[in-house]
Amino acid sequence: MNAYLKRLIWPLAVLVTLIVVNIAQTGFDFIVPSVHDGRLGGAFVNILRNSVPLLLIALGMTLVIATKGIDLSVGAVYAIGAAIACQWIIDRDQSAFGTILTAVILALLVAAVIGAWNGAMVAYFGVQPIVATLILMIAGRGIAQLITGGQIPSVSDSTPFVELGRGAIATIPVPIVIGVLVFAVLALLTRTTALGMLLEAVGGNPAASRLAGIRSKGITILAYLVCGFCAGLAGLIGAANLGSADANNGGLWIELDAILAVVIGGTALIGGRFFLLGTVIGVAIIETLNVTIINVGLSSQWQFTAKAIVVFVVAVLQSPEFRAWLLKPFRRPDGGEPAPEPADDKEALAK
Amino acid sequence: MSDAPIVQMTGITKDFTGVRALDGVDFTLRRGEIHAVMGENGAGKSTLIKVLTGVHDPDAGRILLDGEPVRFHSPGQAQAGGISTVYQEVNLTDNLSVAENLLAGREPRLGPFINFRAMRRKAKALLDEIGIDLNVAAPLSSYSIAMQQLVAIARAIDIDAKVLILDEPTSSLDRDEVAVLMRVMRSLAERGTAMVFISHFLDQVYEICDRMTVLRNGTLIGEWAVSELPESELIGHMLGREVQTLGALEHRAARHRPDDDVLVSARGLGRKGSVSPFDLDIRPGEVVGLAGLLGSGRTETARLIAGADRADSGALEFRGERLRGHNPRTASARGIGFCPENRKTEGLVGDLTVAENMILAMQAARGWARTVPPARRDALVAEFIEKLDIRPADPDLPVKNLSGGNQQKVLLARWMLIEPRLLILDEPTRGIDVGAKADIQRLVNELSEDGMAVLFISAELEEVTRLSDRIAVLRDRELIDILHQESDMTTDRIVETIVEKGGDK
Ligand SMILES: Nc1ncnc2c1ncn2[C@@H]1O[C@H](COP(=O)(O)OP(=O)(O)OP(=O)(O)O)[C@@H](O)[C@H]1O
Ligand SMILES: [Mg+2]
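Residues numbered from 1 in each chain as written. Chains lettered and ligands numbered in written order. Predicted model: local features only at pLDDT ≥ 70, side-chain atom pairs only at ≥ 80, totals over all residues. Heavy atoms only, no water.

## Here's the deal with the overall build of chain A
Turning to step 1, where the next piece is worked out: Counting its regular elements, chain A contains 15 helices and four strands.
Turning to step 2, where the next piece is worked out: In terms of overall dimensions, chain A is globule-like: its C-alpha atoms have a radius of gyration of 23 Å, near the 20 Å expected for 351 residues.
Turning to step 3, where the next piece is worked out: Principal-axis analysis of the C-alpha atoms places the extent of chain A at approximately 80 × 55 × 40 Å.
Turning to step 4, where the next piece is worked out: Contacts in chain A between residues far apart in sequence, at least 24 positions, make up 77% of those at least 6 positions apart.
Turning to step 5, where the next piece is worked out: As displayed, chain A offers around 16,100 Å² of accessible surface, 69% of which is attributable to carbon and sulfur atoms.
Turning to step 6, where the next piece is worked out: Each charge sign in chain A was given a centre, from 20 positive and 19 negative side chains, and these centres are 9 Å apart. (Helix = DSSP H or I, 4+ residues; strand = E, 2+ residues; numbered from the N terminus. Rg over C-alpha atoms; globule rule 2.2 N^0.38 Å. Contact = heavy atoms within 4.5 Å. Areas by Shrake-Rupley, 256 points an atom, 1.4 Å probe, with all protein chains shown as cover. Lys, Arg positive; Asp, Glu negative; His and termini not counted. Charge placed at Lys NZ, Arg CZ, Asp CG, Glu CD.)

Below you can see the structure in the form of structure tokens.
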């Protein structure tokens, strides 16, 4: 647990810095929640609410990355999930609870199946994850368009479906409740069972895992399946928030933000150890950053550059070599000589 | 041999989080000498080397090379400075060809391009020099770990170096390859190259080294000329206690009394390009040794029985049942454990902890939903850490931070934990110190007395003869004979068998 917290400390520091910058710009209202019509609001709560689709996808992505994989199709699956639900609802009685429930279940089911398909391609056919999921990244939006018939289906504002994005349970916005629930379920699923360890084994050393008798194929498929499911759920929340499903632009480029969040959170792209809580912080950093850019008065063109800078800072802070280098002037030489560089440089040159 | 020191390390201290790997160690290497660094697993031998070659930064101490203070910050710098190293864990690039691995960084060029023809020719010449014959265009991964070790050595000795460091270069080599290596080392020594040699094979150390430095628990015990320090005293210095444990090593294990019913029976089992079809029976409570030279098919034979590779001919029966779709998972479920020879690439998951690595096979057999209860897990892990004397005895350390020998013990523990019916050990004592080797041999003995069957592979013929009830001898990927008479259980008989039976093929 100690080592675990140590990994989180740098991302947390960056997040806190961002929050402090915002408070300095806009006052304490930024962080203190307010209540409007029985619903929690305020700048920071809104950031959290809006970050839930990204959070869900990034959580799923964390599991996939732990297996040494990657899932590029999540944005497309987001669009498919949204398209299925909205199309199903507008074709039927929009206020009937049954319709909504069927729409949701159907969308999640399809998303999970797509995820499992990705996983099967990787596990059974040995296709490189980036290639396997690229196929659906490209084809998926086409499928979403077929479902919506090239239109943007808009549900009526009175349907209970929109509550998924806009509603509140005991003043807490529904997306936040869903985000917390999914996080809790995944954390319990991976850390109270052996799933987490087996995922890390499969990602950390596939050959050794096979010889240890792990069902690595099943585990890989499960990770992609969960990732697809999460992407579908993210699509539902996004669509409910907007009241419509845009096959072309819904969840566009969200896979890149998700991968970024995972990496900021301390999970290495080469697989193995993963940190769900780190991913949560990574998502919070990305979303807070977007708002910060506006709050400090930079134009939105700055968004990408700023994001790149923050990622750079987090990556560098996480590197032990860099921290050692940074701290070197402050360390006591401890008896030995303070690193006489010239001699070996000379040697190196001589060759 | 002049007495001028070429490398002088003084007061070297290195802390890893929670472990002091080196504590004020001094080390002096003189021109033209072969100097052994001795110590138990985890004593700090590899760390000392890595501090010298810039893999690790020391926390204190100074290093003089040729009388000038140096501090390397990467192995590349050390190499440029004239120190060439073969590290304990072979770290070449698996998917590059043998030639590319041999010459990486100094490929022959044609203008800006690599001259591949010249490269292959040069690689071939290099390998010829140490007397091995490989297809230099094949990927390195297609060769066994022993071959890879030889490639790493060939690479290191080619670079014109003042200092050559060999960290357990012989751990999976046969006596012939060892002899070649020693010949090369001697000729290098004549040319004035200073060498550091680390090995757990005392006979090799006594044969080739001039001096030795002994470490224990990260501290320097002393430096001696080899001729001044008899073996028993050396072991005393290394272990820090008087040793009777080694007595067990001397006389052969008592013969087991295996049951008559057969546990595993292979009939015509084979795989094209790997091993020709063979017949082999293994009974409960019996230790069957596999002996043969490098590349004779020992590992391949074991892998077929373990289900790690798929056989394309013949049949395998386990407890009278014919196995179909035999793979590592079904094998483990039936109680067949397999410790592969390459612990780094096929054995351990470096990022996971000692405890997690130990529990892996047991957990895999239960599936992810049925976690091994934490209390049971902790008890088992603690039991095996103690039984195998794994150091440091911390179950939560990432296994990659353990010394080589201790990693090997973790891998052994993984399979002992599930109490298999058949345990297949491919080079289980590779890189393990004298004390621990005796422990492991005793353990194998005990396990088979309790009714477990063991298939045992070792490049060290003495070890095979000492432990085995029967010995299957292989040559050129073919099982040529099974020795089962007490009088046949000698290394000489094995060597004779290989020579004789091979002759009429
Ligand atoms: N990267 C690391 N991080 C933390 N601890 C380490 C690391 N490398 C080595 N150690 C620890 O330092 C000690 C010395 O290890 P070292 O590898 O030098 O032993 P060794 O003498 O080479 O043993 P062996 O004969 O088993 O190879 C051990 O306790 C080991 O666990
Ligand atoms: Mg070592």
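That shown, we press on.
## A look at the pairing of strand S11 (residues 211–216) of chain B
The side chains of a regular strand alternate, first on one face of the sheet and then on the other.
Residue and element names in this part refer to chain B.
Turning to step 1, where the next piece is worked out: One ladder, built from four bridges, connects strand S3 (residues 34–38) with S11; its direction is parallel. Across the sheet, His-35 pairs through a bridge with Arg-211, a residue of S11.
Turning to step 2, where the next piece is worked out: In this sheet, strand S12 (residues 219–225) lies alongside S11 in antiparallel orientation, the contact comprising six bridges. Residue pairing for S12: Met-212 is matched across the bridge by Trp-224.
Turning to step 3, where the next piece is worked out: Linking S11 to S12, which pair antiparallel, is a turn of two residues; within it Asn-217 sits at a positive phi near 50°. (Pairing = 2+ DSSP bridges.)

## Brief notes about the confidence of the model for chain B
Residue and element names in this part refer to chain B.
Turning to step 1, where the next piece is worked out: This prediction gives chain B a mean pLDDT of 89; 95% of its residues lie at or above 70.
Turning to step 2, where the next piece is worked out: The weakest mean pLDDT in chain B belongs to helix H9 (residues 247–250) at 46; the strongest belongs to S3 at 97.
Turning to step 3, where the next piece is worked out: Within the model, pLDDT remains below 50 along residues 246–253, and this stretch shows 15 contacts once partners closer than five positions in the same chain are excluded.
Turning to step 4, where the next piece is worked out: Quick note on the complex model: pTM equals 0.87, ipTM equals 0.86. (pLDDT = per-residue confidence, 0-100.)

## Section: the domain arrangement of chain B
Residue and element names in this part refer to chain B.
Turning to step 1, where the next piece is worked out: With domains assigned, chain B is organised as domain 1 (5–242), domain 2 (246–335 + 422–505) and domain 3 (344–419).
Turning to step 2, where the next piece is worked out: Using only C-alpha atoms to locate each centre, domain 1 and domain 2 end up separated by 31 Å.
Turning to step 3, where the next piece is worked out: Between domain 1 and domain 2, the residue contacts involve 19 residues of the former and 17 residues of the latter.
Turning to step 4, where the next piece is worked out: In total, about 1,500 Å² of surface goes out of reach between domain 1 and domain 2, with carbon and sulfur atoms giving 56% of it.
Turning to step 5, where the next piece is worked out: Applying the counting rule to domain 1 against domain 2 returns two salt bridges.
Turning to step 6, where the next piece is worked out: Among the ionic pairs, Arg-175 bridges to Glu-462, the shortest N-O distance being 3.5 Å.
Turning to step 7, where the next piece is worked out: The tally of links between domain 1 and domain 2 comes to five residue pairs in polar contact (both at pLDDT 80 or more).
Turning to step 8, where the next piece is worked out: Elements with a contribution of two residues or more to the side of domain 1 that touches domain 2: helix H5 (145–158), helix H6 (175–190) and helix H8 (231–239).
Turning to step 9, where the next piece is worked out: No other element matches H5, which puts four residues into the side of domain 1 that touches domain 2.
Turning to step 10, where the next piece is worked out: Partitioned by chemical class, the residues of the side of domain 1 that touches domain 2 number nine nonpolar, five polar and five charged. (Domains from an automatic or database assignment. Buried area = accessible area lost by both parts, 1.4 Å probe. Salt bridge = Lys/Arg side-chain N within 4 Å of Asp/Glu carboxyl O. Polar contact = N/O pair within 3.5 Å; in protein donor to acceptor, adjacent residues only side chain to side chain. Nonpolar A, V, L, I, M, F, W, Y, C, P; charged D, E, K, R; others polar.)

## Notes on the environment of Gly-325 of chain B
Residue and element names in this part refer to chain B.
Turning to step 1, where the next piece is worked out: When you line up the elements, Gly-325 lands in the loop between strand S17 (321–322) and helix H11 (328–334).
Turning to step 2, where the next piece is worked out: Residue Gly-325 is classed as partly exposed on the basis of its relative accessible area, which comes to 42%.
Turning to step 3, where the next piece is worked out: Taking the C-alpha atoms as reference points, Gly-325 and Gly-307, separated by 18 residues in sequence, lie 8.6 Å from one another. (Buried < 20%, exposed > 50% of the residue type's maximum accessible area, 1.4 Å probe, protein only.)

## Topic: the coordination of the magnesium ion (ligand 2)
Reference values for coordination geometry: four tetrahedral donors around a metal ideally subtend 109.5 degrees, six octahedral donors ideally subtend 90 or 180 degrees.
Residues and elements named next belong to chain B.
Turning to step 1, where the next piece is worked out: Coordination of the magnesium ion (ligand 2) by the protein is provided by Ser-46 (OG) and Gln-88 (OE1), with metal-donor distances spanning 1.9 to 2.1 Å. On the criterion of sequence distance, the pair formed by Ser-46 in helix H1 (residues 45–52) and Gln-88 in the loop between strand S6 (83–86) and helix H3 (98–103) is long-range, its members being 42 residues apart. Each member of the pair, Ser-46 together with Gln-88, is buried. (Donors = N, O, S within 2.8 Å, 3.2 Å for Na, K, Ca; no water.)

## A word on the pattern of salt bridges
Turning to step 1, where the next piece is worked out: Enumeration according to the criterion identifies 32 salt bridges over all chains in this entry.
Turning to step 2, where the next piece is worked out: Between Glu-200 of chain A and Arg-191 of chain A there is a salt bridge whose closest N-O contact spans 3.1 Å.
Turning to step 3, where the next piece is worked out: Look at Glu-200 of chain A and you get buried, because its relative accessible area is 1%.
Turning to step 4, where the next piece is worked out: Look at Arg-191 of chain A and you get partly exposed, because its relative accessible area is 43%.
Turning to step 5, where the next piece is worked out: Between Arg-273 of chain A and Glu-200 of chain A there is a salt bridge, with the nearest N and O atoms lying 2.6 Å from each other. With Arg-273 of chain A in the loop between helix H11 (254–264) and helix H12 (276–295) and Glu-200 of chain A in helix H8 (residues 195–204), the pair connects residues that are 73 residues apart, well separated along the chain.
Turning to step 6, where the next piece is worked out: When salt bridges that share partners are traced, they join Arg-191, Glu-200 and Arg-273 of chain A together with Glu-356 of chain B into one network.

## Observations concerning the sheet that holds strand S14 (residues 275–282) of chain B
Each strand in a sheet pairs with its neighbour through backbone hydrogen bonds, running either in the same direction (parallel) or in the opposite one (antiparallel).
Residue and element names in this part refer to chain B.
Turning to step 1, where the next piece is worked out: Taken together, four strands build an open sheet; the order of strands is S14-S13-S16-S17 and the sheet is antiparallel. Edge positions in the open sheet fall to S14 and S17, since each of these has one partner strand only.
Turning to step 2, where the next piece is worked out: Bridge count between strand S13 (residues 264–271) and strand S16 (residues 313–318): five bridges; the pairing is antiparallel. Opposite Ala-266, over in S16, you have Leu-316 as the bridge partner.
Turning to step 3, where the next piece is worked out: Set on the sheet, helix H10 (residues 298–306) makes contact with S13, S14 and S16; between it and S14 the angle comes to about 65°. (Axes fitted to C-alpha atoms, helices over the stretch in contact; angles between N-to-C directions.)

## A closer look at the sheet that holds strand S1 (residues 5–16) of chain B
All names here are of chain B.
Turning to step 1, where the next piece is worked out: If you trace the four strands from one edge of the open sheet to the other, you get S2-S1-S4-S5, paired in antiparallel fashion. In the strand order of this sheet, the two ends are held by strand S2 (19–30) and strand S5 (68–69), each with one partner.
Turning to step 2, where the next piece is worked out: In the sheet, strand S4 (residues 60–65) pairs with S5 via two bridges, with the strands oriented antiparallel. Looking at the pairing, Leu-64 lines up with Pro-69 of S5.
Turning to step 3, where the next piece is worked out: Packing of H1 onto the sheet brings it into contact with S1, S2 and S4, and relative to S1 it is tilted by some 115°.

## Structural notes on the interface of chain A and chain B
Turning to step 1, where the next piece is worked out: On the side of chain B, 44 residues touch chain A, which itself brings 36 residues to the contact.
Turning to step 2, where the next piece is worked out: Carbon and sulfur atoms make up 59% of the area that chain A and chain B hide from each other, which totals about 3,300 Å².
Turning to step 3, where the next piece is worked out: Between Glu-356 of chain B and Arg-273 of chain A there is a salt bridge, with the nearest N and O atoms lying 2.7 Å from each other.
Turning to step 4, where the next piece is worked out: Counting across the chain A and chain B interface gives eight residue pairs in polar contact (both at pLDDT 80 or more).
Turning to step 5, where the next piece is worked out: Looking at the side of chain A that touches chain B, the elements that each hand over two or more residues are H8, helix H9 (206–211) and helix H15 (341–350) of chain A.
Turning to step 6, where the next piece is worked out: Taken together, the residues of the side of chain A that touches chain B break down into 17 nonpolar, seven polar and 12 charged.

## Things to note about the site of ligand 1
All names here are of chain B.
Turning to step 1, where the next piece is worked out: Residues in contact with ligand 1 amount to 20 residues; listed here are only the nearest, Gly-42, Lys-45, Ser-46, Thr-47 and Gly-405.
Turning to step 2, where the next piece is worked out: The contact in question runs from an oxygen atom of ligand 1 to an N or O atom on the backbone of Gly-44, over 2.9 Å.
Turning to step 3, where the next piece is worked out: Within the side chain of His-200, a nitrogen or oxygen atom sits 2.9 Å from an oxygen atom of ligand 1.
Turning to step 4, where the next piece is worked out: For ligand 1, whose accessible area on its own is 630 Å², the fraction buried by protein is 90%.
Turning to step 5, where the next piece is worked out: Broken down by secondary-structure element, the contributors of at least two residues to the shell around ligand 1 are S2, H1 and helix H15 (404–416).
Turning to step 6, where the next piece is worked out: Of all the elements, H1 adds the most residues to the shell around ligand 1, at three residues.
Turning to step 7, where the next piece is worked out: When residues are assigned to domains, the shell around ligand 1 turns out to be shared by domain 1 (5–242) and domain 3 (344–419), each giving three or more. (Near = heavy atom within 4 Å.)

## Side note on the pairing of S3 of chain B
Residue and element names in this part refer to chain B.
Turning to step 1, where the next piece is worked out: Where burial is concerned, most of S3 is hidden: five out of the five residues are buried.
Turning to step 2, where the next piece is worked out: What you see with S3 is no split at all: Ile-34, Ala-36 and Met-38 on one side and His-35 and Val-37 on the other are buried throughout.
Turning to step 3, where the next piece is worked out: The pairing of S3 with strand S10 (residues 194–198) spans three bridges and is classified as parallel. Paired with Ile-34 across the two strands is Met-195, which belongs to S10.

## Notes on the environment of Val-214 of chain B
Residues and elements named next belong to chain B.
Turning to step 1, where the next piece is worked out: Structurally, Val-214 can be placed in strand S11.
Turning to step 2, where the next piece is worked out: In this structure Val-214 comes out as buried when scored by relative accessible area, which is 0%.
Turning to step 3, where the next piece is worked out: The sequence separation of Val-214 and Ile-6 amounts to 208 residues, and the corresponding C-alpha distance is 19 Å.
Turning to step 4, where the next piece is worked out: Beyond its immediate sequence surroundings of up to four residues, Val-214 is in contact with Met-38, Thr-219, Leu-220, Ile-221, Gly-222, Trp-224, Leu-234, His-237 and Met-238.

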